[in-house]
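# Examining the three-dimensional arrangement
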Amino acid sequence: MDLLNTLVDKGLRRELPSREEALAVLATSDDELLDVVAAAGKVRRQWFGRRVKLNYLVNLKSGLCPEDCSYCSQRLGSKAEILKYTWLKPDEASKAAAAGVAGGAKRVCLVASGRGPTDKDVDRVAKTIDAIKSENEDVEVCACLGLLSDGQAERLRTAGADAYNHNLNTSEATYAGITTTHTYADRVDTVQKAHAAGLSACSGLIAGMGESDEDLVDVVFGLRELDPDSVPVNFLIPFEGTPLAKEWNLTPQRCLRILAMVRFVCPDVEVRIAGGREVHLRSMQPLALNIANSIFLGDYLTSEGQAGKADLDMIADAGFEVEGTDQVTLPEHRTEAGCGSVCGTEPDSGCGSHEAEAGCGSHAAGGGCGSHAAEAAPREPAASEARTDLVAVRRRGAGTDLAPNA
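Since this is a predicted model, take the numbers as computed values, not measurements.

## Thoughts on the overall build of the protein chain
A count of helical and extended segments in the protein chain gives 14 helices and ten strands. Going through the 406 residues of the protein chain one by one, you find that 62% of them count as buried. Accessible area for the protein chain stands at about 14100 Å²; split by element, carbon and sulfur atoms hold 48% of it.

Given below as C-alpha cells:
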C-alpha cells in the first residue's frame, strides 16, 4: 500500500503524517491489518529495536475521588466494587514496588486518586520515592497525582521523581461529555508544568469510549504537539457501576489499528499498551508488541491484569526482550533534546496513568488541536461482544494482605 510506505518513510524521518493519513490507518480493512502492523513494526524497530520496557503500578490511594470522569471506577458516584483505602505508608508502597522490580519492571508508577495533590501529599509522595529508591536505586519513578499546582512539579523532581503522568484521554471536542469537574485545558497545563520542571512527561489516551475516528486522531495529534516522552494507550475497561459500563466498542483489530496510528504519529516516543489490553486485545496481545515498546506488568489500579509470568512468557515467545536498567529507552536525539531526567535512562512510562479505568480526577482528557480531516468519513467500529468475564476487580497487592501480581 502506498499509504503504508509513505507512513513508514515519514516515521523513519520523524515527520508528522497528515490527519488524512492517520484517519486512513483507522479505516483500513481486516485484510490489510497485518500489513498495517508490519509497517508500524518497521518504525518501532527503527527507534526501539526489539526491547520491551516493563512498568509497574502502585495505587497509593484508591477510590473516593471527587472528580466525575465517566470511565473511572474510582470516580465520584461510582458503584464499582473496587478496593477503597487511604494513603499507603512509604514502607508499604516500597514493598509493593519491590515486587514489580523483582518481576523485571524498570519503572514504578505511583498513582493516587483525587483532583490533585496538596502540598502535604507531595511531601508524602517524596518520602515514598525516597523509600523506593533507597531499596532500588536504579528504578525509575513516575508520579501520577492529578492536576499540579505551581511549584509542585519542581518539588517532585527535587524529591527524585523521574517522570510525571497525566493523560489527555480523549479529544478536546468531546472532553466535556466525559468529565465536567475539570477541563481539557487543565490537563494540558499539568503536562506542561511537568515538562517545564524537567520531569519526563507522560501523557496518553483512552480508546473505546464511543469516540469517532476523528476524535482519536485529534487526541493523538494533541499529544504530538505536547511532545511527551511516553504515550500510554488505554482501552476502556467498562466497569459495572460506571456510566460507560455498556460501552463495548473495541475489537482486537481496532485496537491494533489505533496502536499503529499512534506509532505513526509519535514514531520515536515510548508507546505503552496500558489498561484494557487483556480485555480487548486478548490473544492478539503478542502482535501488538510489534507496534508498542512498553507494557504494564501484572495488575492495574483497580483491575487485575494477566499473571506477571504470562507477560514475561508472552514477550519471550514473541521474540522480544525485556529492557534492562542499563539500557536507554529513548532514542539518542530525544535524550539530547533536554527532555526529562529519565530520558537518559528511559512512562506509562511515564506512568501511563494507566488503565483505561484509571483516570481518577488526576488522569484524563483529550488533545484535539487543529481541524478535523475533511475527506475521510467517520468509520463506525464493529460492535464488540461484551466480555464482562474478563473484567476482574483487583483484590490483591497494594491495600490488601495478599501478594501482588508481578
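Picking up where we left off.
## Looking at helix α5 (residues 119-135)
Its 17 residues give α5 an end-to-end C-alpha distance of 25 Å, which sits within 8% of 24 Å, the value for a rise of 1.5 Å per residue. In this structure, the buried residues of α5 make contact with β1 (51-61), α4 (90-102), β2 (107-112), β3 (140-144) and α6 (152-159).

## Considerations on the side chain of Asp229
Positionally, Asp229 belongs in the loop between α9 (213-226) and β7 (230-235). There is a polar contact of 2.6 Å between the side chain of Asp229 and the side chain of Ser200.

## Looking at the side chain of Glu67
Residue position: Glu67 is located in the loop between β1 and α4. For Glu67, a relative accessible area of 4% gives the class buried. Reaching out from Glu67, the side chain makes a polar contact with the side chain of Arg115 at a distance of 3.2 Å. In this structure the side chain of Glu67 is engaged in a polar contact, spanning 2.9 Å, whose partner is the side chain of Thr181.

## A closer look at the UniProt feature "binding site: [4Fe-4S] cluster" (unreviewed entry) in the protein chain
In the numbering adopted here, UniProt assigns the feature "binding site: [4Fe-4S] cluster" (unreviewed entry) to Cys65, Cys69 and Cys72. Its place among the elements puts Cys72 in the loop between β1 and α4. Taking the relative accessible area as the measure of exposure, Cys72 reaches 0% and is therefore buried.

## Remarks on the UniProt feature "binding site: [2Fe-2S] cluster" (unreviewed entry) in the protein chain
Under the UniProt annotation, "binding site: [2Fe-2S] cluster" (unreviewed entry) lies at Cys109, Cys142, Cys202 and Arg272. These annotated residues cover 164 residues of sequence, and their C-alpha atoms all fall within 14.0 Å of one another, placing them together at a single site. Turning to its location among the elements, Cys142 is positioned in strand β3.

## Brief notes about the pairing of strand β8 (residues 270-273)
Along β8, one buried face is formed by Glu270 and Arg272 and the opposite face, lined by Val271 and Ile273, is buried too. Across four bridges, β7 lies against β8 in parallel orientation. Bridge assignment links Ser230 to a residue of β8, and that residue is Glu270. Following the chain from β7 across helix α10 (residues 252-265) to the adjacent parallel β8, one finds a crossover that is right-handed. Pairing between β8 and strand β9 (residues 294-296): two bridges, direction parallel. Following the sheet pairing, Arg272 is matched in β9 by Ser294.

## Considerations on the packing of helix α2 (residues 19-26) against α10
Relative orientation of the contacting elements α2 and α10 amounts to 155 degrees, with a least axis distance of 8 Å. Our classification of the angle between α2 and α10 gives roughly antiparallel. In this structure, the crossing between α2 and α10 has a hand that is right-handed. The residues of α10 that touch α2, namely those facing Ala22, Val25 and Leu26, are Arg254, Arg257, Ile258, Ala260, Met261, Phe264 and Val265. Here the contact of α2 with α10 is composed, by residue class, of eight nonpolar, no polar and two charged.

## Comments concerning the packing of aromatic side chains
Per the counting criterion, the structure on display carries one aromatic pair. Measuring from ring centre to ring centre gives 6.3 Å for Phe296 and Tyr300, while their planes differ by 80 degrees; the resulting arrangement is edge-to-face. Assigned by exposure class, Phe296 and Tyr300 land together as buried. When the ring centre of Phe221 is taken as origin, the NZ or CZ atom of Arg19, which lies over that ring, is 4.6 Å away. Looking at Arg272, its charged tip hangs above the ring of Phe296, at a distance of 5.5 Å from the centre.

## Side note on the confidence of the model for the protein chain
The predicted coordinates of low-pLDDT regions are not to be read in fine detail. Scored by pLDDT, the protein chain has a mean of 88; 88% of the residues are at 70 or more. Low pLDDT (under 50) marks residues 338-381, which in the prediction has 240 contacts with non-local residues, meaning those over four places away or in another chain.

Basis of the calculations
- Residues numbered from 1 in each chain as written.
- Predicted model: local features only at pLDDT ≥ 70, side-chain atom pairs only at ≥ 80, totals over all residues.
- Heavy atoms only, no water.
- Helix = DSSP H or I, 4+ residues; strand = E, 2+ residues; numbered from the N terminus.
- Buried < 20%, exposed > 50% of the residue type's maximum accessible area, 1.4 Å probe, protein only.
- Areas by Shrake-Rupley, 256 points an atom, 1.4 Å probe, with all protein chains shown as cover.
- Expected span 1.5 Å × (residues − 1).
- Contact = heavy atoms within 4.5 Å.
- Polar contact = N/O pair within 3.5 Å; in protein donor to acceptor, adjacent residues only side chain to side chain.
- UniProt positions renumbered as here; feature names shortened; annotations may be inferred.
- Pairing = 2+ DSSP bridges.
- Right-handed = clockwise from strand over helix to strand, strands pointing away.
- Axes fitted to C-alpha atoms, helices over the stretch in contact; angles between N-to-C directions.
- Parallel < 35°, antiparallel > 145°, perpendicular 65-115°, else oblique.
- Left-handed = near helix turned anticlockwise from the far one by under 90°.
- Nonpolar A, V, L, I, M, F, W, Y, C, P; charged D, E, K, R; others polar.
- Phe/Tyr/Trp six-rings, centres within 6.5 Å; stacked < 30°, edge-to-face > 60°.
- Lys NZ or Arg CZ within 6 Å of the ring centre and 35° of its normal.
- pLDDT = per-residue confidence, 0-100.

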